[in-house]
Amino acid sequence: MAVLQKIRQRSGLLLLAIGFALLAFVVQDLFTKGFKSQSKDVGTINGKDISFEEFRIKVANAEKSGQNGQPVSQIQAANQMWDQEVAIALISDQFEKAGIRTSENNIIEIFKKDPNIGQNPAFLNQLGKFDLAKFKEFFKSNPEQAKAFQDRQTDAEINAKYQVYSTMIKAGLYATNADGKFKYKLEADKINFDYVSVLYSTVKDSDVKVTDADILEYMQKNEKRFKSEETREIEYVLIEDKPSVTDEAEMKAKINGLLAGSVVYNKETGVNDTLPSFKAAANVAEFVGENSDKPYDSTYVSKQELPAEHADNLFALPAGEIYGPYINGNYYCLSKAMGRKAGAKAKASHVLISWEGTKVPSKKEKRTKEQAKAKADVLLAQALANPTSFMMLALTNSDDSSAQQGGDLGYFAPGQMVKPFNDFVFNSPVGKIGLVETEFGYHIINVTDKQDAIRLATVAQKIEPSEVTTNEIYTKATKFEMDANSNKDFAAVAKAAKLTVNPAVKAKAMDEAFGVVGNQRQIVKWAYTSDTNIGDVKRFEVVNVGNVIARLKKINEKGLMTVEDAKPSVEGILKNKKKAEKIIAKMKGASLEAIAAANATTVQNAPAASVENSVLANVGAEPKVVGAAFGTPANKVSAPIEGNSGVYVVKAKSLTKAPKLPKYDEYVAKLKAANAQGAGRVFPALKNDAKIDDNRLEFY
């Protein structure tokens with residue numbers, strides 16, 4: 001009671017102390033963050049702010065819709081949307097400068113090319129053509145869809161403007177008749193020359209030394225090629241949360257117990273119940289449901305669908321017999337054979353001939369149903385007459401995407417294909433070729449294979465670490481974290497704990513992939529927080545993986561990439577440069593023969609090289625060497641030329657000039673085709689010169 005009385009007397013002081021503690025916490029947090037408020041913008045592109053709220057909605061939508069039918073993470077969606085925002089901002093600025101405008105017709109043309117709109121029955125007239133009036137009327141009477149359609153309209157407007165912009169660039173990259181003539185001469189003028197080559201490979205790598213200073217100097221001279229984003233290098237130790245040998249033995253004993261019946265006490269009845277073995281179980285599905293970590297699966301499976309290591313034994317298992325226990329992934333399994341079915345899986349190829357109005361988006365040609373039937377009959381006759389030609393018939397005629405695989409649809413089970421197709425395949429023997437009609441068109445079908453299948457009842461129990469094992473792993477991980485924080489030698493601490501330090505992950509600010517651990521945004525985010533310094537260590541619990549103890553090893557600022565990163569691409573270039581100096585010093589002589597003798601090699605001949613075809617026998621492409629041969633006076637020995645594969649001296653023997661042509665249209669066309677790719681080089685150039693502030697790290 002005396003203690004309680006004292007607490008009551010000092011309660012005011014206690015509350016005051018708590019208040020001061022909370023205030024200190026808030027003040028400390030303010031100072032830690034430097035009174036910095038989070039930006040409202042996710043970034044700025046050439047002075048244009050990108051609102052986070054609008055960006056967040058786009059990211060959420062991208063995350064929901066995925067990419068190519070595959071789900072995407074929030075970070076993947078954020079990166080995808082950011083690239084889109086940058087592209088739109090940069091290219092829209094160019095539209096404004098070029099004065100590009102779009103009309104309703106431009107936008108409608110973009111919509112018509114979208115199969116979901118241009119081929120939507122709701123927007124087609126009686127002739128199957130896109131009807132603008134029906135399109136507009138639909139959105140007048142469906143205001144909610146009209147609101148959702150606004151973003152699509154904005155995208156279409158940008159696409160329409162980009163097509164105009166792209167056309168303008170292509171028009172500006174023209175090719176004249178003179179250009180065509182020059183192109184022709186580059187291809188057709190031939191030079192016959194002798195040469196002596198001393199390859200870089202004749203000088204040992206150990207005879208030349210490339211220092212980090214040499215690499216840095218080269219990078220500084222070619223700065224644009226070696227630009228790099230800011231990165232963090234994070235090394236780590238992974239302590240996996242995996243079962244011990246004891247855990248595995250206990251799990252094996254548990255599943256082995258299902259092979260024999262067991263007796264258990266029933267609390268409700270007060271007597272012992274005898275539980276049947278897996279083999280004797282009257283209701284197999286119920287037995288699996290009560291004892292397995294995976295549900296009962298009654299489908300028939302082919303041998304190819306079984307675990308490879310156990311496929312032979314499982315597929316040959318007599319009905320009612322049991323195979324196991326065996327390990328499949330992270331599970332101990334027992335499998336009971338429940339029956340076999342002949343021809344349960346089939347393989348077929350087809351040629352699809354559709355007509356206008358069928359549900360096929362990419363028809364090879366427009367045709368009526370009557371025309372489609374006539375063509376299908378012709379192809380069927382050809383396939384029956386020569387079954388080996390089926391693949392080529394599909395490749396050149398089929399309206400289905402399987403045409404690229406020669407019409408091959410792979411293996412499928414009953415019910416996976418539309419009924420007429422399904423019935424023909426499963427009611428026909430292998431080798432049967434026939435014609436069926438479905439909602440997609442006429443199919444010329446070739447039944448190429450059938451497989452037997454079995455049905456298994458499998459009890460699968462996951463091999464997981466016990467609570468004791470998990471506690472031991474946690475203790476080991478937390479001890480390592482504390483030791484690594486108190487001892488700056490991360491590698492030494494890992495060695496003492498008999499753990500392996502994984503190679504450092506070089507992460508950009510918006511990365512989430514983290515070495516063998518997979519996507520771990522939390523670790524990358526930690527490495528980029530302002531209060532994480534080089535040498536800091538932190539433990540992360542990763543679900544279904546274990547504990548990752550990460551250490552920030554290095555911070556690479558934005559700008560010139562590190563020497564270590566550049567070394568693989570630069571070191572070979574500089575080695576060849578130094579080798580060339582050694583080779584040139586020995587390439588002395590008044591004639592090619594004298595130079596060849598001094599370098600223990602021979603004089604070789606290039607009989608008909610051209611600028612466009614600069615390949616030398618047994619060496620490869622050497623454009624500088626061939627170009628030098630064109631520029632060297634006849635019968636004169638050139639100065640040494642540093643080529644791709646070695647150092648060369650050349651002596652031109654004869655030049656054969658190409659005859660004049662009445663027209664150079666073919667060569668003008670080649671140049672125009674090459675110039676057409678010019679529009680694709682615009683965006684990288686714009687991005688390289690843009691001022692882009694990326695604040696995504698504050699939000700994701």
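An account of the accompanying structure is given in this report.

### So, the nonpolar core
Counting residues in hydrophobic clusters, the biggest one holds 29 residues, and the most contacted among them are Val 42, Ile 45, Phe 55, Val 59, Trp 82, Tyr 165 and Tyr 700. Mapped onto this core, the elements with two or more residues apiece are strand E1 (41-45), helix H3 (52-65), helix H4 (74-98), helix H8 (143-172) and helix H24 (682-689). Per element, the largest residue contribution to this core is ten residues, and it comes from H4. Other than its neighbours up to four places away in sequence, Val 59 contacts Gln 74, Ala 77, Ala 78, Met 81 and Tyr 700.

### Some remarks on the packing of helix H14 (residues 369-385) against helix H15 (residues 390-397)
Between H14 and H15, the shortest axis-to-axis distance is 10 Å and the interhelical angle comes to 155 degrees. Here H14 lies roughly antiparallel to H15, going by the angle between them. Where H14 crosses over H15, the two elements pack in a sense that is right-handed. Counting all contacts with H14, which are made through Lys 375, Leu 379, Gln 382 and Ala 383, the residues of H15 involved are Phe 390, Leu 393 and Asn 397. Each residue belonging to the contact of H14 with H15 can be placed in one class, and the counts come to four nonpolar, two polar and one charged.

### Digging into the sheet that holds strand E17 (residues 604-609)
What the four strands build is an open sheet, ordered E17-E3-E21-E20; its pairing is antiparallel. Strand pairing shows two members of the sheet lacking a second neighbour, E17 and strand E20 (641-642), which therefore form its edges. Two elements, strand E3 (residues 190-199) and E17, share four bridges in a ladder whose sense is antiparallel. Within E17, the residue paired with Asp 194 across the bridge is Asn 605.

### Considering the packing of aromatic side chains
Centre distance and the angle of the planes are the two values used to describe a pair of aromatic rings. This structure, assessed with the given rule, holds 24 aromatic pairs. Both rings, one in Tyr 162 and one in Tyr 165, keep their centres 6.5 Å apart while their planes meet at 45 degrees; by these two values the pair is tilted. Of this pair, Tyr 162 and Tyr 165 both sit in helix H8, separated by three residues, roughly a single helical turn. Assessed through its relative accessible area of 9%, Tyr 165 is described here as buried. Here Phe 278 and Phe 287 contribute two aromatic rings whose centre-to-centre distance is 5.2 Å and whose plane-to-plane angle is 15 degrees, an arrangement assigned as stacked. Overall, the relative accessible area of 0% leaves Phe 278 in the buried class. Linked through ring pairs, Phe 52, Phe 55, Trp 82, Phe 699 and Tyr 700 together constitute an aromatic cluster. For Arg 232, the ring lying beneath its charged end belongs to Tyr 528, and the centroid distance is 4.2 Å.

### As for the sheet that holds strand E22 (residues 692-694)
If you trace the three strands from one edge of the open sheet to the other, you get E2-E1-E22, paired in antiparallel fashion. The open sheet has two edge strands, strand E2 (48-51) and E22, and neither has a second partner. The average undirected angle you get between the axes of adjacent strands in this sheet is 20 degrees. Relative to E2, E1 runs antiparallel, the two sharing four bridges. Paired with Gly 43 across the strands is Ile 50, a residue of E2. The sheet contacts of H3 involve E1 and E2, and relative to E2 the element is tilted by about 55 degrees. Across the sheet, H4 is in contact with E1, E2 and E22; its angle to E1 comes to roughly 35 degrees.

### A look at H3
For H3, spanning 14 residues, the distance from its first C-alpha to its last is 20 Å, which sits close to the expected 20 Å at 1.5 Å a residue. All of the buried residues in H3 are Phe 52, Phe 55, Val 59 and Ala 62. The buried residues of H3 occupy one face: seen down the axis, they fall within an arc of 85 degrees. In H3, the exposed positions that point more than 90 degrees away from the buried face belong to Glu 54, Lys 64 and Ser 65. Buried residues belonging to H3 abut E1, E2 and H4. Sitting at the amino-terminal end of H3 is Ser 51, which places a side-chain oxygen 3.3 Å from the backbone nitrogen of Glu 53. Where H3 ends, the next residue or the one after it, Gly 66, has phi of about 70 degrees, a positive value.

### Looking at the packing of helix H9 (residues 177-188) against helix H23 (residues 665-675)
The relative placement of two packed helices is expressed as an angle between their axes plus a distance between the axes. Orientation of H9 relative to H23, taken along the N-to-C sense of each, is 95 degrees, at an axis distance of 8 Å. Taken together, the axis directions place H9 and H23 in an arrangement best described as roughly perpendicular. Residues Asn 177, Asp 179, Gly 180, Lys 183, Tyr 184 and Glu 187 of H9 lie in contact with H23, whose contacting residues are Tyr 667, Val 668, Lys 670 and Leu 671.

### Regarding the pairing of strand E14 (residues 537-542)
For a regular strand, the rule is simple: side chains alternate between the two faces of the sheet. With six bridges connecting them, E14 and strand E15 (residues 546-556) associate as antiparallel partners. Within E15, the position partnered with Val 537 by the bridge is Arg 551. Hairpin connection from E14 to E15: three residues lie between these consecutive antiparallel strands, with Asn 544 at a positive phi of about 65 degrees.

### Some words on unusual backbone geometry
Cis geometry is found at the peptide bond from Gly 324 to Pro 325, where omega equals 5 degrees. Here Asn 46, not a glycine, exhibits a phi torsion of approximately 50 degrees, which is positive. Residue placement: Asn 46 occurs in the loop between E1 and E2. Asn 46 gets classed as partly exposed once you look at its relative accessible area, which sits at 43%. Not every positive phi belongs to a glycine, and Asn 618 is a case in point at roughly 65 degrees. Secondary-structure assignment places Asn 618 in the loop between strand E18 (615-616) and strand E19 (620-621).

### Some details on the environment of Gln 80
Tracing the sequence through the fold places Gln 80 in helix H4. For Gln 80, a relative accessible area of 28% translates into the label partly exposed. Along the backbone, Gln 80 and Lys 58 are 22 residues apart, and their C-alpha atoms lie at a distance of 10.0 Å.

### Some thoughts on helix H19 (residues 521-528)
When you tally the buried positions in H19, you get six out of eight residues, the bulk of the element. The complete set of buried residues in H19 reads Arg 521, Ile 523, Val 524, Trp 526, Ala 527 and Tyr 528. Buried residues belonging to H19 abut H4, strand E5 (231-240), strand E13 (501-508), E14 and E15.

### Section: the pattern of salt bridges
In this structure the tally under the stated criterion is 38 salt bridges. Lys 112 is the salt-bridge partner of Glu 109, the closest N and O atoms lying 3.3 Å from each other. In this pair, Glu 109 and Lys 112 are both assigned in helix H5 (residues 104-112), three residues apart and thus about one turn of the helix distant. Accessibility expressed as a relative area gives 40% for Glu 109, which makes it partly exposed. A salt bridge links Lys 303 to Asp 312; the shortest N-O distance between them is 2.7 Å. Exposure remark for Lys 303: the relative accessible area of 35% places this residue in the partly exposed category. Three or more residues are tied together by salt bridges with common partners; here these are Lys 183, Glu 187, Glu 612 and Lys 670.

About the thresholds
Residues numbered from 1 in each chain as written. Predicted model: local features only at pLDDT ≥ 70, side-chain atom pairs only at ≥ 80, totals over all residues. Heavy atoms only, no water. Core = buried A, V, L, I, M, F, W, Y, C linked by side-chain atoms within 4.5 Å. Buried < 20%, exposed > 50% of the residue type's maximum accessible area, 1.4 Å probe, protein only. Helix = DSSP H or I, 4+ residues; strand = E, 2+ residues; numbered from the N terminus. Contact = heavy atoms within 4.5 Å. Axes fitted to C-alpha atoms, helices over the stretch in contact; angles between N-to-C directions. Parallel < 35°, antiparallel > 145°, perpendicular 65-115°, else oblique. Left-handed = near helix turned anticlockwise from the far one by under 90°. Nonpolar A, V, L, I, M, F, W, Y, C, P; charged D, E, K, R; others polar. Pairing = 2+ DSSP bridges. Phe/Tyr/Trp six-rings, centres within 6.5 Å; stacked < 30°, edge-to-face > 60°. Lys NZ or Arg CZ within 6 Å of the ring centre and 35° of its normal. Expected span 1.5 Å × (residues − 1). Arc of directions from axis to C-beta. Polar contact = N/O pair within 3.5 Å; in protein donor to acceptor, adjacent residues only side chain to side chain. Salt bridge = Lys/Arg side-chain N within 4 Å of Asp/Glu carboxyl O.

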